[in-house]
Each structure stands twice: as C-alpha cells, then as structure tokens.
Amino acid sequence: MRIAVYGATGFTGGLVVAEIRRRGMDPVLVGRDETRLRAAADTAGATGAELRVAGLDHTAALAAAFDGCAAVVNCAGPFTLWGEPVVQAAIAARSHYVDTAGEQHYIHHILDEYGEPAARAGVTVVPAMADDGGPGDLIAHLAAAPLTAVDDLVIADLRLPGSASRGTARSMASVFAEGALEYSDGAWRPAAVSPQSPITPPGEPDPVPVETFALPGVVTIPRHVRARRVRSAIRSEVAGLFTALTPDIVETIPTTVDEEARRAGRWLMLAEATAPDGTRSRGWVTGTDGYRLTAVIAVEAARRLATGRQPHGALTPAQAFDPTSFLDFLTGDEVTWKTETTTPRDGIAVAARAKIPGSPNIESAPPTKHLSDQDG
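Conventions and cut-offs
- Residues numbered from 1 in each chain as written.
- Predicted model: local features only at pLDDT ≥ 70, side-chain atom pairs only at ≥ 80, totals over all residues.
- Heavy atoms only, no water.
- Helix = DSSP H or I, 4+ residues; strand = E, 2+ residues; numbered from the N terminus.
- Buried < 20%, exposed > 50% of the residue type's maximum accessible area, 1.4 Å probe, protein only.
- Contact = heavy atoms within 4.5 Å.
- Areas by Shrake-Rupley, 256 points an atom, 1.4 Å probe, with all protein chains shown as cover.
- Polar contact = N/O pair within 3.5 Å; in protein donor to acceptor, adjacent residues only side chain to side chain.
- pLDDT = per-residue confidence, 0-100.
- Axes fitted to C-alpha atoms, helices over the stretch in contact; angles between N-to-C directions.
- Parallel < 35°, antiparallel > 145°, perpendicular 65-115°, else oblique.
- Left-handed = near helix turned anticlockwise from the far one by under 90°.
- Nonpolar A, V, L, I, M, F, W, Y, C, P; charged D, E, K, R; others polar.
- Phe/Tyr/Trp six-rings, centres within 6.5 Å; stacked < 30°, edge-to-face > 60°.
- Expected span 1.5 Å × (residues − 1).

Draft legend 1. Region of interest: the overall build of the protein chain. Regarding its fold elements, the protein chain presents 16 helices and 17 strands. Taking all 376 residues of the protein chain together, 55% fall into the buried category. Within the protein chain, contacts between residues at least 6 apart in sequence are counted, and of these 74% link residues at least 24 apart. Carbon and sulfur atoms form 51% of the exposed surface of the protein chain, whose accessible area is close to 15,500 Å².

In structure tokens:
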C-alpha cells in the first residue's frame, strides 16, 4: 500500500514517513525539492522510497503526484496557510486524506466545505488526526455516550509545559491570532471571555487553573454528540507560554525535539460531559511522546481509510473510526484511556471501557449554523 506524505521534509512529516515504513507500507514523499525529499527519506530510514516533486501552486501537478496512492497524510503546517491545496489535490486524485492539523478554524472550514466534493470523489477526508484532535474527539464520544442528554461538554488538553518544535510554535501562534470558538445552542460562535472552573487532571491531587483555548474538539465533537454547549481549555501555564510567542521568538525555536525530551513529556486529553441533572461522565486518554504518537495516529488513520468501509465525505475522527477500536489500538504504543460516570446523588463513579451503541445523544449528522461576530 502506497501512502503519500506531504510535508515529509518537516519534523512531523519525517516521523510519519518512518512510521509508514515501520508498518510495512510504502511511503511516497511529495514536496517541492527533490534533494530535500531524498535527505528526508534517508533520515527516516526509508532510503529508496519513491519521491515525487510538486508544489502547492499547481493543483493538477500535486494531484498527479498523489496518483496511485491509497491515502495522503498532510503534515505541512501552518495548515491555515498551506493545508487547503493539499485537500483539493487529494480529492482530485481520489485519494483519502488525513492531516495532523490542530488549528481550529482550519479544521472547521475543511469539515464544512469538503464533505460534498469528497463524497462525489468517493474518498474520505479526516483532519485533526494528531495527539490532541484525534484522541480528544474519540474520548469525547465515549464520555458522552452514557448520558441521555448533554448540557455541557468540556474538552481539555492538560499536558504540562514541555518542548515544542518550530512548526508547532508557528501553528499555535496562528491559533491564537484567530481566536477560539465555542459551540452553544446549535451554533458555533466566538468563545466567551470568562473564567473557567479549575480542573483536576487524572492522577493529580489538586485542581489546576485552565483557560479557554482553540482546541480542535470544539469544531469536531458537536458533529457527532448532541450537546447544548461544547467548550475547550488548556492549563493556564501552557496558555501563557503560547500567548508569549511572537514571530521573532518562533523562528528561534529548534525545528526538531530530541527523543529524550519527547519521551519525558506526557500528553493528556480529557473530556467531561455533564447532563442536565448533574450526572457527569468523564473520559481521558494519555501517553508519552506526542510527536511520535501523532505519526502513529495519522498513519493508522490512513491505513484504516484505505482498507475500511467508512462513509465518504469530510468526517471527524469519531465519525470515521470506531472510538473504542482506535483507542485500544493506541494502547500498544503506551497509551492508556478510561471513562467513568459519577451520579450527583451518591457521588459514585462507575468505570467503563466500552462503546455504548444507540445512546440518544450520539448522532452522525453535523449541525449547520456558524455564527460570526456580526451574527451575534
């Protein structure tokens, strides 16, 4: 099976190429510079891999570069600037598409605009298959499933401060520049600027302060979970680091993060759904080395799209893949996940690790409204 990688000369792209080769599939490296592509293949342990030269400025040439590939994994961010031409070319080539984007507005745009073109081409487009958007969307689906109704769902990235690549810093600077959305009463709108209640992360004794942040889950979760409100948060100390990023600072950050530093960090995505009667259902997924796990997540998503029978169109991770199956697959890479439900009457938490079919608050049809500042 051939899987094309756009952005293969970047840090995450190189990890994706290595993962494709490790899984016994054939990476096809696509980019503008053949010399850099060859060096990237050698560094990733994929010497001799097929190289195809094409840039973003010519959709037909890029589509030709994807020809014959079962899927495309796009790793070239910031996606707000460079992502859409790769989506268009993948659809034109009739290749499934996955990306590692974490940029909320970009993900929202792709899901809104490319469902029909992808369906007509007989392919599936799944953005946000990274260590935040993918696991976050999947665990939110499972956390919401036990409840008969969801009044409020918060998706939180509770990782501690750690090392980040220049590419991540560029994308996060883009995220802050665009501002955060929230979902409320059937529509997306700019997130309210108001304090959020502290959250106690799993495994930690005390609540930690959090702030609103533009996470992918806000624009993916409402497409498969009926919730009155969906909002997002990250640790305040991490938010402070991202808000301090300026273009000059971003360009001083190293392009890569060494393996020791990556393994020393731990990522944690938590989803907490609350019913109108106060019943809470909570789920979390956590692991080490978020960059390597992003490669594992993206490659497994591409493989499943190429070999599965998922619907065609533009889908969220939880719409495209069975959440329990995908999260269980990740446990082979030192990932753990859990869900539990707490009733307000007795405060008893009931743990569960199974998909609950037929829950009335789970849906497949996406909402259609998106309110801008002018809409109110």
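Draft legend 2. Molecular detail of the side chain of Ser95. Secondary-structure assignment places Ser95 in the loop between α5 (84–92) and β5 (96–99). According to the relative accessible area criterion, Ser95 is buried, its value standing at 0%. Of note is the side chain of Ser95, whose polar atom sits 3.5 Å from the backbone oxygen of Phe66. Side-chain polar atoms of Ser95 contact the backbone oxygen of Cys69, separated by 2.8 Å. When neighbours within four sequence positions are excluded, Ser95 is seen to be in contact with Phe66, Cys69, Ala70, Ala71, Val72, Ala90 and Val123.

Draft legend 3. Structural view of unusual backbone geometry. The step from Gly77 to Pro78 runs through a cis peptide bond, and the omega angle for that step is 0°. By secondary structure assignment, the location of Pro78 is in the loop between β4 (71–74) and α4 (79–82). With phi around 50°, Asp185 is a residue other than glycine that occupies positive phi space. Position of Asp185 among the secondary structure elements: in the loop between β8 (181–184) and β9 (187–190). For Asp185, a relative accessible area of 54% translates into the label exposed. Unusually for a residue other than glycine, Glu334 sits at a positive phi of about 65°. Relative to the helices and strands, Glu334 resides in the loop between α16 (323–330) and β15 (336–342). With relative accessibility at 46%, the residue Glu334 sits in the partly exposed group.

Draft legend 4. Region of interest: the confidence of the model for the protein chain. Residues of the protein chain with pLDDT of at least 70 account for 89%, and the chain-wide mean is 89. Every residue in residues 354–358 scores below 50 in pLDDT, and together they form seven contacts with partners more than four places removed in sequence or on other chains. Taken together, the stretch residues 364–376 has pLDDT below 50 and engages in 24 contacts with residues farther than four places along the chain or on a different chain.

Draft legend 5. Expanded view of the packing of helix α14 (residues 290–307) against α16. One way to put it is that α14 packs onto α16 with a least axis distance of 11 Å and a crossing angle of 135°. The orientation of α14 relative to α16 falls into the category oblique. Handedness of the α14/α16 crossing: right-handed. Residues Leu293, Val296, Ile297, Glu300, Ala301 and Arg304 of α14 lie in contact with α16, whose contacting residues are Ser325, Phe326, Phe329 and Leu330. Looking at side-chain class alone, the contact of α14 with α16 contains seven nonpolar, one polar and two charged residues.

Draft legend 6. Broad picture of the packing of aromatic side chains. Under the criterion given, the structure shown has five aromatic pairs. Ring plane angle 35° and centroid distance 5.7 Å describe the contact between Phe79 and Tyr106, whose orientation is recorded as tilted. Separated by 27 residues along the polypeptide, Phe79 in helix α4 and Tyr106 in helix α6 (residues 104–113) bring together distant segments of the chain. Among the residues examined, Phe79 registers a relative accessible area of 4% and is labelled buried. Assessed through its relative accessible area of 6%, Tyr106 is described here as buried.

Draft legend 7. Representation of helix α1 (residues 11–22). Here α1 contains 12 residues, and its C-alpha end-to-end distance of 17 Å stays within 8% of the 16 Å for a straight helix at 1.5 Å per residue. Listing the buried residues of α1 in full gives Phe11, Thr12, Gly13, Gly14, Leu15, Val16, Val17, Glu19 and Ile20. Tucked into the core, α1 has its buried residues touching β1 (2–6), β2 (26–31), β4, α13 (259–264) and α14. At the exit of α1 stands Gly24, carrying a positive phi of roughly 85°.

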